[in-house]
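Summary of structural features
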There are 2 protein chains.
Amino acid sequence: MKKGIAEVPGVKCGVGFGGIKKTIHKINRPDTLLIIFDQPSTFAAVFTQNEVKAAPIKVSQQIKGRISGIVANSGNANACTGNKGIQDASTMIQLAQKYSKTKEQFLVASTGVIGEPLPMDRIEKGIKEAAENLGKAKSTLPAEAIMTTDTFPKVAFEEGNGYVIGGIAKGAGMIDPSMATMLSFVATDVQISEKLLKIALQKAVEVSFNAITVDGDMSTNDCVFLVATGKSNVLIDENNFNEFKEKLTNLLRSLAYQIVKDGEGATKVARIKVKNANSKEQARKIARKIALSPLVKTALFGCDPNWGRIIAAAGAAQAGFIEEKAELKIGQYLLFKNGSKTNYNEEEVWKYMKNNEEITIELNLNQGTKEFEYLTCDFSYDYIKINAEYRT
Amino acid sequence: MKKGIAEVPGVKCGVGFGGIKKTIHKINRPDTLLIIFDQPSTFAAVFTQNEVKAAPIKVSQQIKGRISGIVANSGNANACTGNKGIQDASTMIQLAQKYSKTKEQFLVASTGVIGEPLPMDRIEKGIKEAAENLGKAKSTLPAEAIMTTDTFPKVAFEEGNGYVIGGIAKGAGMIDPSMATMLSFVATDVQISEKLLKIALQKAVEVSFNAITVDGDMSTNDCVFLVATGKSNVLIDENNFNEFKEKLTNLLRSLAYQIVKDGEGATKVARIKVKNANSKEQARKIARKIALSPLVKTALFGCDPNWGRIIAAAGAAQAGFIEEKAELKIGQYLLFKNGSKTNYNEEEVWKYMKNNEEITIELNLNQGTKEFEYLTCDFSYDYIKINAEYRT
């Protein structure tokens, strides 16, 4: 059995079928999720940097102190919905408190269609049902309740020295008639200060969720919630903070990888490793530009070892790329060195790209010692199909 | 007859068939272009900002003072070709001088495959032939010599008060196995100082070639050359500079429009107008983010009035977009106001998008008085096909 957030001590999950989601999956999937903590718990959160923020983001950003739960729905993003949207997001929290008989604070999240008001009767039906089933949603089921165009539920679990971390996520998919969202809810049973929890989350997000791209479009609803129930006896302080941060990073990286793998229409995952940069920021900028390039992404889909597009994207990042110093590898094959192409065997590299679902692109800048890795996927016919042809 | 650069007094064009281009057009097209000016002429140039610059860019950037001609080829970009590339670009100039019997300086440009050395025997054949035909290449023929995956030649012509401006361009297309380039060569018969010519070019490029996108990928070879032959009696000074700048802007805008219209796989051109911004830069950033969004571009292809994606892209620009103040129109239809959608008729907007090749998207920020307009095209199956499937 796969473990996720429901397997963390002090966490109970329930899911409901409110009827909010249109039938986009072959099997009937839940659309409402309640996550309840045994006691009011410390949390840290990261929100979308989009200036257009969905109502649940605006409401959750106001929550300070400890929380007793998270309430979420899929099928409707409650974004671009004006004042009514804010009221509806608050009502979601009140309904979660009412049906779970909890007075403390909740975080709220939504994903799905932009611009349509939440169907509050269905939301209430879903929350009520989720409360009635509390503790019964295990393994991948909580993740299923937040899926939109995702083709599989995303869960991850890590064991530390006397504690665990478990999480779920939904991917960057689109849903009629608008873009959806990346959501991730993670819990751990450690005891930890809010300050350290926030630092750990920020550091881990930077090299996981902030180091992936499917299409470069930033959602109005993105959020990551990390909650510490304190149910274990392990206190995280400066002695074991690095281990905790590393475990959390591994967990978020696993979820991030699953999101890219399930990118709309994706057939390949590419790891863009930029090495020996002057600074991490230089490596990040160059890796990101390569990861976002439609030309690189279509070449990936065509299994085309098109080093020229990669080198051109690196230069377009305007981060101090020096063509003459750089070395570029796809897989184990060195394609570019000393400012021009090597004598590589095109057929061999094509076969490597054709036969592997995960492609490694390694760009050695030969300028310093820092590095950054970005995950991306290819651009396929299905990406266009999913995003342009929903009407047919 | 369409007029272009060859119709400017003091300009003679010749084209050659060197055999550099692979057969990508159904009809046999020239691949070498010589543009010769009757007398050494003032010029201004704008080059790619990519840190990876093709050899001809590096060579042309060194040219100061007056020039007697431009030599260009299509089919090979002479990019990422190391020191040999630099030598080859210089040799192109020497061959142009030799065969046109001109001692003065030349600018040089190339477009086509990245990473392959120039086939210098074919280049020489093409330049020799172009010199022999000097003055015979008129109308669209010079533009044909720099086409790669372009489906039509791009020319434009403007008449001022006693003078003319004529230009050609090639579009942002890709060619086996790598990205190509935007090139534009423009001439005018005015008399003008180098300083004013440079200012005019910079201002005009900012709102034309720098306000379009096909796929957001910046080429290694992009360049725009503007040459003043001085053959007319009109001297441009502070009295008539604005008129000249406006004519030049119109001309470059016409060429830029043709490039977007001929974007790879494009079926629609969209005009993204951002109005009533606090600053031109705010308007530009928001317009650019919308123009680049793969979600907006796939929605255009699907004729989907997906205002949520446009609003989300505006917020993602992080330029101070205020959702509650903004008003969004597609065509004449107001879709979004006061932070939420209006009661528009979806069917009507869909029909507008379906029945028009040019779509207007107007985003009123209601924050100030400045504006900026960006041109973009849609993302279609053919974009993926052209860029992923060149091997089949």
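Bear in mind the structure is a predicted one, so any value in this text is a computation, not a measurement.

This paragraph deals with the domain arrangement of chain A. All names here are of chain A. On domain assignment, one finds that chain A holds domain 1 (5–261) and domain 2 (269–388). Spacing between the C-alpha centres of domain 1 and domain 2 amounts to 32 Å. Tallying the contact residues gives 13 residues for domain 1 and 16 residues for domain 2. Counting each side, the surface lost to burial between domain 1 and domain 2 is near 1,300 Å², with a carbon and sulfur contribution of 61%. Counting across the domain 1 and domain 2 interface gives 2 salt bridges. Put simply, domain 1 and domain 2 have 5 residue pairs in polar contact (both at pLDDT 80 or more) between them. With 3 residues, the single largest contributor to the side of domain 1 that touches domain 2 is helix H6 (residues 241–261). Residue classes in the side of domain 1 that touches domain 2 are distributed as 7 nonpolar, 3 polar and 3 charged.

Residue and element names in this part refer to chain A. As recorded in UniProt, the feature "binding site: substrate" (unreviewed entry) lies at Thr148, Lys170, Thr181, Glu264, Asn387 and Thr392. Within the secondary structure, Lys170 is located in strand S6 (residues 164–170). Within the structure, the side chain of Lys170 is placed 3.4 Å from the side chain of Thr111, a separation counted as a polar contact. Side-chain polar atoms of Glu264 contact the side chain of Thr149, separated by 3.4 Å.

A word on the relation of the copies chain A and chain B. Of the transformation superimposing chain A on chain B, the axial component is 0.0 Å and the angular component is 180 degrees, with the fit at an RMSD of 0.0 Å. Viewed as a symmetry operation, the transformation between the two copies matches a two-fold axis. Distance from the rotation axis, computed per C-alpha, reaches its smallest value in chain A at Tyr381 of chain A: 2.9 Å.

Moving on: the pairing of S6 of chain A. For a regular strand, the rule is simple: side chains alternate between the two faces of the sheet. All names here are of chain A. Most of S6 sits out of view: 7 of its 7 residues are buried. In S6, alternate side chains face the same way, and those of Val164, Gly166, Ile168 and Lys170 on one face and Ile165, Gly167 and Ala169 on the other are all buried. Of the pairings in the sheet, the one linking strand S5 (residues 154–159) to S6 comprises 6 bridges and is antiparallel in character. Bridged to Val155 within S6 is Ile168.

If you walk through the whole model with that rule in mind, you get 16 aromatic pairs over all chains. For the ring pair Phe185 of chain A and Phe225 of chain A, a centre distance of 5.6 Å and an interplane angle of 15 degrees mean the geometry is stacked. Here the residue Phe185 of chain A occupies a position in strand S9 (residues 183–188), and Phe225 of chain A occupies one in strand S11 (residues 223–228), the gap between them amounting to 40 residues. With a relative accessible area of 0%, Phe225 of chain A lands in the buried category. Here the aromatic rings of Phe301 of chain B and Tyr381 of chain B are separated by 5.7 Å at their centres, their planes lie at 85 degrees, and the arrangement is edge-to-face. Of this pair, Phe301 of chain B sits in helix H8 (residues 294–301) while Tyr381 of chain B is found in helix H11 (residues 381–388), placing the two residues 80 residues apart along the sequence.

Residue and element names in this part refer to chain B. Among the secondary structure elements, Asn133 is positioned in the loop between helix H3 (120–132) and helix H4 (141–144). Residue classification places Asn133 among the partly exposed residues on the basis of a relative accessible area of 25%. Taking the C-alpha atoms as reference points, Asn133 and Leu34, 99 residues apart in sequence, are found 9.3 Å from one another.

So, on to unusual backbone geometry. Positive phi, close to 55 degrees, is recorded for Cys303 of chain A, a residue that is not glycine. Counting through the fold element by element, Cys303 of chain A comes out in the loop between helix H8 (294–301) and helix H9 (307–316). What makes Cys303 of chain A buried here is its relative accessible area of 3%. Non-glycine residue Gln318 of chain B carries a positive phi angle of around 50 degrees. Topologically, Gln318 of chain B is positioned in the loop between helix H9 (307–316) and strand S13 (327–330). By relative accessible area, which is 40% here, Gln318 of chain B ends up partly exposed.

Across the boundary between the two partners, chain A contributes 61 residues, which contact 61 residues of chain B. Buried surface at the junction of chain A and chain B, summed over both partners, amounts to about 4,900 Å²; 54% is from carbon and sulfur atoms. Broken down residue by residue, the surface that chain A buries against chain B is led by Glu51, Tyr381 and Ile384 of chain A, which jointly contribute 14%. Inspection of the chain A/chain B interface yields 6 salt bridges. Note that Lys58 of chain B and Glu323 of chain A form a salt bridge whose closest N and O atoms lie 3.7 Å from each other. The interface formed by chain A and chain B contains 20 residue pairs in polar contact (both at pLDDT 80 or more). Elements with a minimum of two residues in the side of chain A that touches chain B: strand S8 (178–179), H8, H9, strand S15 (340–341), helix H10 (346–355) and helix H11 (381–388) of chain A. Residues belonging to the side of chain A that touches chain B are distributed by class as follows: 27 nonpolar, 19 polar and 15 charged.

Further remarks concern the confidence of the model for chain A. For chain A, the average pLDDT comes to 92, and 94% of its residues sit at 70 or higher. In the predicted structure, residues 174–180 of chain A sits below a pLDDT of 50 and forms 41 contacts with residues beyond four places in sequence or in another chain.

Along its 21 residues, H6 of chain A runs 30 Å from first to last C-alpha, staying within 8% of the 30 Å computed at 1.5 Å per residue. Listed as buried for H6 of chain A are Phe241, Phe244, Leu248, Thr249, Leu251, Leu252, Leu255, Ala256, Tyr257, Gln258, Ile259 and Val260 of chain A.

Take the sheet that holds strand S14 (residues 333–337) of chain A next. Strand pairing in a sheet takes place through backbone hydrogen bonds and is either antiparallel or parallel in direction. Residue and element names in this part refer to chain A. The mixed open sheet is built from 7 strands, whose spatial order is S10-S17-S12-S16-S13-S14-S15. Of all strands in the sheet, those bounded by a partner on one side alone are strand S10 (212–213) and S15. Relative to strand S16 (residues 358–364), strand S13 (residues 327–330) runs antiparallel, the two sharing 4 bridges. Bridging from a neighbouring strand, Leu328 pairs with Leu363 of S16. Here helix H7 (residues 280–292) sits on the sheet in contact with S10, strand S12 (269–277), S16 and strand S17 (370–377), set at roughly 20 degrees to S17.

Reading the values: rules and limits
All residue numbers here refer to positions counted from 1 along the written sequence of the relevant chain. Each chain is given a letter, starting from A, and each ligand a number, starting from 1, according to the order in which they appear as written. Two thresholds apply to this predicted model, a pLDDT of at least 70 for residue-level local features and 80 or more for giving and counting side-chain atom pairs, whereas whole-chain, interface and lining totals are computed over all residues. Hydrogens and water are ignored here; the side-chain numbers use all heavy atoms of the structure. Domain borders in the structure are assigned automatically or taken from a domain database. Contact criterion: two residues are considered in contact whenever any of their non-hydrogen atoms come within 4.5 Å of each other. We define buried area as the total accessible area lost by two parts upon association, computed with a 1.4 Å probe and summed across both. For this document, the term salt bridge refers to a Lys or Arg side-chain nitrogen within 4 Å of an Asp or Glu carboxyl oxygen. Polar contacts, as counted here, are pairs of nitrogen or oxygen atoms within 3.5 Å of one another; within protein the pair requires one atom able to donate a hydrogen and one able to accept it, and residues that are adjacent in sequence qualify only if both atoms are side-chain atoms. Secondary structure elements are taken from DSSP: a helix is a run of H or I of four residues or more, a strand is a run of E of two residues or more, and numbering for both begins at the N terminus. Each residue gets one of three labels, nonpolar for Ala, Val, Leu, Ile, Met, Phe, Trp, Tyr, Cys and Pro, charged for Asp, Glu, Lys and Arg, and polar for the others, Gly among them. UniProt positions are given in the numbering used here, feature names are shortened, and annotations may be inferred rather than shown by experiment. What sets the superposition is a least-squares fit of C-alpha atoms, and only residues with pLDDT of at least 70 in both copies go into it. A 1.4 Å probe rolled over the protein chains alone gives each residue an accessible area, and that area as a share of the maximum for its type sets the label: buried under 20%, exposed over 50%, partly exposed in between. Two strands form a pair only when DSSP identifies at least two bridges running between them. Paired rings are identified among Phe, Tyr and Trp, the last through its six-membered ring, by centres lying within 6.5 Å, and are further divided according to the angle between planes into stacked (under 30 degrees), edge-to-face (over 60) and tilted (the rest). For every residue, the predictor reports its confidence as pLDDT, a number between 0 and 100. By definition here, a helix of n residues has an expected span of 1.5 Å times n minus one. Every angle, taken between N-to-C directions, lies between 0 and 180 degrees, and every axis is a line fitted to C-alpha atoms, over only the stretch in contact when it is a helix.

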